[in-house]
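# Architecture at a glance
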Amino acid sequence: MIYFIENIINYIIYICILSYGYKLTVRKNSICVFMSGISVLTGAAANIYLGYNNPLVYIAWSMASILLLYNGSIIRNALISLGIMYFTGMIDTFSLTLIQIIHIGTGVDATKLQWWMETAYILSFILYVAIYRLILKNSNVYLGEIKLKYKIALLIQLRIFQMFYNLVFGFFQINHERYSTDAYLIFITSIIGAYYAIFHTLQLAVSNTVSASQVVELEKYTIMQKQQYEYQLKTDIELRKLRHDLSNHLGVIRELIYDNKLDESKRYIDSLLEAKEVCNTKYYTGDSFLDVLVKYYAFLCETGEITFEIKGHLNEELMLEIIDMTTLIGNALQNALEAALEADVREIHLELADHRKEVFIIISNTCKDIVDVDKNFCQSSKTDKKRHGFGLKNINGVIEKYDGEYYINTLNDNGINWFNMTLIIPKGEK
């Protein structure tokens, strides 16, 4: 019975770490999921037959349960499962040592301390929850995003701690009667220090990941600003050239009319209108800088053969600062552009609704797949996952700054997948 309890607890711990730490998705094949659970029970039965917790059996059922349960590359999932087994095994060792020290030091009578292995698992699970809540969730970073060198460093660190505790614990177990309570307190404190070292290493890894992603996002933002500036500069130059030559153009048209060359006059006027179209903005939102952003992304949509439509009009300019507007609207339109480029039907719709106290900006784009926005929106399908997701964080930052709101939903309309983002911005002075 004890082996069944231990395997099930370990299995639950694996699921929590892999689902929330690596964002792995469970297979839709119910047979694979069922066999994953059976492998856990089979491992327990094998241990009962052998009479002890065999390490090879532990590795076999752990890897089998993970590979059967989760989607993804078999090699990648196998390596992740080995790393998670090693990590949880080390943490369980520390927790187990802590329980045994209390036991040996007669802190708890042997007849009263039962299910001590399970108590160690519970202590370990509390540590995992603390790591998730205080480090990963707080920084919105997942284990899969941390660089490999930090993961390897953490596993090496754990191995060093284990070697130390194996040596010292063996000495204490043989000579515990010669030492006072203070010695046991020191030993327990050292285990707590090991837990702290694990926390600190993970915190450094997470901080590095966040900093690296912010640098990449800043570079992306700078490039986006530069491209917008270059496009605006190009259209401004064309407009100035047209204005500069306007008097000459009018003179030519006048002479053509005086000479009764009406066909030539019409062709000349048509050519001028085509040149003017380069400088003309077809989008008037009611906010001058928003016009610039919309015009730029309309140009990108035209280049990418994406249908771009805009509806509605603002009665007054938005309260957003220019840099905040670029961050908010620019990121939203950039994400819409990238998603639409991967879709079979390429469309982006921008809708503006000006109410008495707030402005609604709705950006809708077609996308390749429907995603669960509550769970998977920040999970990128791109190869370089750690560089994705900060667009939404930046959008959220601007929304919070101006006490606004935003809502996200996806739907399938007549076989076409749509991603919708609604931005709600209160009115006020800049």
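The rules behind each value
Residues numbered from 1 in each chain as written. Predicted model: local features only at pLDDT ≥ 70, side-chain atom pairs only at ≥ 80, totals over all residues. Heavy atoms only, no water. Pairing = 2+ DSSP bridges. Helix = DSSP H or I, 4+ residues; strand = E, 2+ residues; numbered from the N terminus. Axes fitted to C-alpha atoms, helices over the stretch in contact; angles between N-to-C directions. Contact = heavy atoms within 4.5 Å. Core = buried A, V, L, I, M, F, W, Y, C linked by side-chain atoms within 4.5 Å. Buried < 20%, exposed > 50% of the residue type's maximum accessible area, 1.4 Å probe, protein only. Parallel < 35°, antiparallel > 145°, perpendicular 65-115°, else oblique. Left-handed = near helix turned anticlockwise from the far one by under 90°. Nonpolar A, V, L, I, M, F, W, Y, C, P; charged D, E, K, R; others polar. Patch = residues over 30% accessible without salt bridge, like charges linked within 9 Å, V, L, I, M, F, W, Y side chains within 5 Å. Areas by Shrake-Rupley, 256 points an atom, 1.4 Å probe, with all protein chains shown as cover. Salt bridge = Lys/Arg side-chain N within 4 Å of Asp/Glu carboxyl O.

## Brief notes about the sheet that holds strand β3 (residues 358–366)
- If you walk across this open sheet you meet the five strands as β1-β2-β3-β5-β4, and the pairing is mixed. Taken across any chain shown, the strands that pair with only one partner, and hence form the sheet edges, are β1 (307–311) and β4 (405–413). Ignoring strand direction, the axes of neighbouring strands in this sheet form an average angle of 15 degrees.
- In this sheet, strand β5 (residues 416–426) lies alongside β3 in antiparallel orientation, the contact comprising nine bridges. What sits directly across from Glu 358, in β5, is Pro 426.
- Set on the sheet, helix α11 (residues 322–341) makes contact with β2 (347–354), β3 and β5; between it and β3 the angle comes to about 20 degrees.

## Structural notes on the nonpolar core
- Residues Leu 18, Phe 87, Ile 91, Phe 94, Ile 131, Ile 198 and Leu 202 are the most contacted members of the largest nonpolar core, which totals 50 residues.
- Of all the secondary-structure elements, those providing two or more residues to this core are α1 (2–21), α3 (55–69), α4 (74–104), α5 (116–139), α6 (148–175) and α7 (181–244).
- Excluding residues that lie within four positions of it along the chain, Ile 91 makes contacts with Ser 124, Leu 127, Tyr 128, Leu 158, Tyr 195 and Ile 198.
- Counting residues in hydrophobic clusters, the runner-up holds 39 residues, among them Met 325, Leu 328, Ala 332 and Ile 348.

## Overview of the packing of α1 against α3
- In contact at an axis separation of 11 Å, α1 and α3 are set at 45 degrees when each is read in the N-to-C sense. As the angle between them shows, α1 and α3 are arranged oblique. Pair α1 / α3 crosses with right-handed handedness. Contact residues: Asn 7, Asn 10, Tyr 11, Tyr 14, Ile 15 and Leu 18 in α1; Tyr 58, Trp 61, Ser 62, Ser 65, Ile 66 and Leu 69 in α3.

## Quick notes on the packing of helix α2 (residues 30–50) against α3
- Interhelical geometry of α2 versus α3 gives an angle of 175 degrees and a closest axis separation of 7 Å. What the angle tells us is that α2 and α3 run roughly antiparallel. Along the contact surface, α2 presents Cys 32, Val 33, Met 35, Ser 36, Ser 39, Val 40, Gly 43, Ala 46, Asn 47 and Leu 50, while α3 presents Val 57, Trp 61, Ala 64, Ser 65, Leu 68 and Leu 69.
- Here the contact of α2 with α3 is built from residues that sort into eleven nonpolar, five polar and no charged.

## Topic: a nonpolar patch on the surface
- Taken together, Ile 8, Ile 12, Leu 41, Phe 125 and Val 129 make up a surface patch of nonpolar side chains, about 370 Å² in accessible area.
- Listing elements by their share of the nonpolar patch, those giving two or more residues are α1 and α5.
- By the secondary structure assignment, Ile 8 is in helix α1.

## Some details on the pairing of β3
- The buried fraction of β3 is high, at seven of nine residues.
- Pairing geometry for β2 and β3, over seven bridges, is antiparallel. Residue pairing in the sheet places Ile 348 in a bridge with Asn 365 of β3.
- Joining the antiparallel neighbours β2 and β3 is a turn of three residues.

## A few points about the side chain of Asn 77
- Summarising the element assignment, Asn 77 is placed in helix α4.
- Accessibility expressed as a relative area gives 2% for Asn 77, which makes it buried.
- With near-sequence residues (within four places) excluded, Asn 77 lies in contact with Leu 24, Ile 66, Leu 67, Tyr 70, Asn 71 and Gly 72.

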